[in-house]
Amino acid sequence: MAVVTGATGGLGSAICRGLAGAGARVVVTFHRHEAAAHSLLEDLTGEGHVSVKADVTDSASLGRLAREIGERYGTVDLLVNSVGTTRFVPHADLAALDDDLIDEIFRTNWRGPFATIRALEPLLSNRDGGLVVNISSIAGVSGVGSNIAYCASKAALNTMTVSLARALAPAVRVVSIAPGLVDTEFIKGLDPDWRREQASRTPLGRLASPEDVSRAVIAAATMLSYSTGCIMSVDGGRLVD
Ligand SMILES: NC(=O)c1ccc[n+]([C@@H]2O[C@H](COP(=O)([O-])OP(=O)(O)OC[C@H]3O[C@@H](n4cnc5c(N)ncnc54)[C@H](OP(=O)(O)O)[C@@H]3O)[C@@H](O)[C@H]2O)c1
């Protein structure tokens, strides 16, 4: 059984579809977009999927999520933290990166995944071994991204992956999957010349598709049984360019 946060997002919804297609029962969590969660549920192959409201910045809400999942399923095999928030702020415009935005980014992108893992850890520590996949970004390594706080939040998410891999072993494996730019609806709406330039600066010659990321999550869950504490880039080689 897999729990996906940020499930209504461009990446989260592809991850839910991929996991359901691979045979998992999926708990689709939603924050503001209940209708999107319901239509995603109808799209998923297989049976036993549910949607549950959860705000990752509200620990009481995560406690309710854990109770509901515990009562319904008893254990969690996989948690995918795909929540994220950001806004474009030029890196040199320090005044525009105000305290409220910095706090919102860290509250959602770092504290949110941590609080979700904390709430679900008793369910993840099951006999067969649980897995946490944190969706970070190559921005956490390159320092190139929508704004400086976003890059830092993803770097911090990566160090959380390493710390928790150590702390929760052997019961729970924890990995980061770090995509480069992914061709979600949001990115499709940006300047086509900019998108073409980003693709041409990527050794594999294209942006990632949401399915590239979804397949990496499935690989971590089904094949990479001896991997924990690692940061796996899904970036078409962008970091080595
Ligand atoms: N797209 C890319 O190019 C790219 C590249 C590298 C890494 N990533 C990372 O991949 C992850 C998913 O990206 P995406 O493109 O799918 O983003 P997205 O479409 O903006 O989706 C973000 C998701 O996070 C949820 N969310 C935000 N705040 C929340 C909260 N407080 N509680 C619960 N859920 C909350 C959103 O739900 P609501 O809208 O209802 O708030 C939405 O479902 C993010 O961590 C992002 O940083 C994306």
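See the structure shown above.
On a predicted model such as this, the values are computed, not experimentally measured, just so you know. (Residues numbered from 1 in each chain as written. Predicted model: local features only at pLDDT ≥ 70, side-chain atom pairs only at ≥ 80, totals over all residues.)

1. Regarding the overall build of the protein chain
The helix and strand tally for the protein chain stands at nine helices and seven strands. In terms of C-alpha radius of gyration, the protein chain reaches 17 Å, essentially the compact-globule figure of 18 Å for 241 residues. The principal-axis extent of the C-alpha atoms belonging to the protein chain is close to 50 × 40 × 35 Å. Expressed as a percentage of the 241 residues in the protein chain, the buried residues total 44%. In the protein chain, once contacts between residues fewer than 6 apart in sequence are set aside, the share between residues at least 24 apart is 73%. (Helix = DSSP H or I, 4+ residues; strand = E, 2+ residues; numbered from the N terminus. Rg over C-alpha atoms; globule rule 2.2 N^0.38 Å. Buried ≥ 20, exposed ≤ 12 C-beta atoms within 10 Å, placed from the backbone. Contact = placed C-beta atoms within 7 Å.)

2. Digging into the site of the ligand
Of all residues adjacent to the ligand, which total 28 residues, the nearest are Gly6, Gly9, Leu11, Arg32 and Gly84. Broken down by secondary-structure element, the contributors of at least two residues to the shell around the ligand are helix 1 (10–21), helix 4 (99–124) and helix 7 (185–188). (Near = placed C-beta within 6 Å.)

3. Side note on the environment of Tyr226
Looking at the element boundaries, Tyr226 is found in the loop between helix 9 (210–222) and strand 7 (231–234). Between the alpha carbons of Tyr226 and Arg173 there is a distance of 8.7 Å; along the sequence they are 53 residues apart.

4. Quick look at the pairing of strand 2 (residues 26–30)
Counting buried residues in strand 2 gives five out of five residues, a clear majority hidden from the surface. Burial of strand 2 is two-sided: the residues Val26, Val28 and Phe30 facing one way and the residues Val27 and Thr29 facing the other way are all buried. As paired strands, strand 1 (residues 2–5) and strand 2 are joined by three bridges and run parallel to one another. Looking at the pairing, Ala2 lines up with Val26 of strand 2. For the crossover from strand 1 across helix 1 to strand 2, the handedness is right-handed. Of the pairings in the sheet, the one linking strand 2 to strand 3 (residues 50–53) comprises four bridges and is parallel in character. If you follow Val28 over to strand 3, its bridge partner there is Ser51. Considered for its hand, the β-α-β crossover made up of strand 2, helix 2 (residues 34–43) and strand 3 is right-handed. (Pairing = 2+ DSSP bridges. Right-handed = clockwise from strand over helix to strand, strands pointing away.)

5. Section: unusual backbone geometry
Going from Ala169 to Pro170, the amide bond is cis rather than trans, its omega being 0 degrees. Among the secondary structure elements, Pro170 is positioned in the loop between helix 6 (148–168) and strand 6 (172–179).

6. A few points about the sheet that holds strand 6
The strand order across the open sheet formed by seven strands is 3-2-1-4-5-6-7, and the pairing between neighbours is parallel. The open sheet has two edge strands with one neighbour each: strand 3 and strand 7. Going across the sheet, the axis of each strand differs from the next one's by a mean of 20 degrees, ignoring polarity. Both strand 4 (residues 78–81) and strand 5 (residues 130–135) contribute to a ladder of four bridges, which runs parallel. What sits directly across from Val80, in strand 5, is Val133. (Axes fitted to C-alpha atoms, helices over the stretch in contact; angles between N-to-C directions.)

7. Describing helix 4
Where helix 4 bends most, the angle comes to about 40 degrees, and this point is Arg111, followed within four residues by the proline Pro113. Of all the residues in helix 4, the buried ones are Ile105, Thr108, Asn109, Gly112, Pro113, Thr116, Ile117, Ala119, Leu120 and Leu124. Close packing links the buried residues of helix 4 with strand 1, helix 3 (59–73), strand 4, strand 5, helix 6 and strand 6. (Bend = angle between axes of the 7 residues up to and from the residue.)

8. Observations regarding the pairing of strand 6
A regular strand places its side chains so that they alternate between the two faces of the sheet. Within strand 6, eight of the eight residues are buried, leaving the element largely enclosed by the surrounding structure. Side chains Val172, Val174, Ser176 and Ala178 project from strand 6 onto one buried face, and the interleaved Arg173, Val175, Ile177 and Pro179 project onto a second face that is buried too. Alignment of strand 5 against strand 6, held across six bridges, turns out to be parallel. Among the inter-strand pairings, Val133 is bridged to a residue of strand 6, identified as Val175. Pairing geometry for strand 6 and strand 7, over four bridges, is parallel.

Geometric values such as these leave the question of function open.
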